[in-house]
Amino acid sequence: MQRLIDAFINSVRAFRKLAAHEKAFQQELLLLALALPAGWFISVSWRGYALLVGAVLLLIMVEVLNTGIEAACDAFSREFNVDIQLAKDCGSLAVLISIVIVAGVWCIALIERIAGVPI
């Protein structure tokens, strides 16, 4: 049980640090705050609502992992290194792919709502 408590404390510490200092994380938290009520009105089912909110949570999760990769790379070396650049670029690509997924899911939900027909 102590491991779960320690993991929770570590997670809260990371959340606070990212919320206070990482602009992308702050923007994605704002997006989540907007998505919670907007998804309620846009979705046509509970499953759709879960998918809309889940897509935004996926984006936040990938951003957290990307920030972790960047922090680990910076802790190793701040000097230019091709391998470190690749690691950071791959993390950035993962965030971009997540953004495309979020945009696609939300666009499909909007089309469903406007057309009145599930896609």
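With that settled, consider the packing of aromatic side chains. Within the structure shown, the criterion is met by four aromatic pairs. Relative to F25, the ring of F15 lies with its centre 5.6 Å away and its plane at 80 degrees, an arrangement referred to as edge-to-face. Of this pair, F15 sits in helix α1 (residues 2-21) while F25 sits in helix α2 (residues 23-42); the two residues are 10 residues apart in sequence, bridging distant segments of the chain. Between W40 and W46 the ring centres are 5.1 Å apart and the planes differ by 65 degrees, which places this aromatic pair in the edge-to-face class. Exposure remark for W40: the relative accessible area of 46% places this residue in the partly exposed category. Chaining the aromatic ring pairs together yields one cluster made of W40, W46 and Y49.

The end-to-end C-alpha separation of α2 is 27 Å, in line with the 28 Å expected for 20 residues at 1.5 Å each. Among the residues making up α2, those that are buried are F25, E28, L32, A35, G39 and I42. Looking at the buried positions of α2, the neighbouring elements they touch are α1, α3 (46-76) and α4 (82-115).

The rules behind each value
Residues numbered from 1 in each chain as written. Predicted model: local features only at pLDDT ≥ 70, side-chain atom pairs only at ≥ 80, totals over all residues. Heavy atoms only, no water. Phe/Tyr/Trp six-rings, centres within 6.5 Å; stacked < 30°, edge-to-face > 60°. Helix = DSSP H or I, 4+ residues; strand = E, 2+ residues; numbered from the N terminus. Buried < 20%, exposed > 50% of the residue type's maximum accessible area, 1.4 Å probe, protein only. Expected span 1.5 Å × (residues − 1). Contact = heavy atoms within 4.5 Å.

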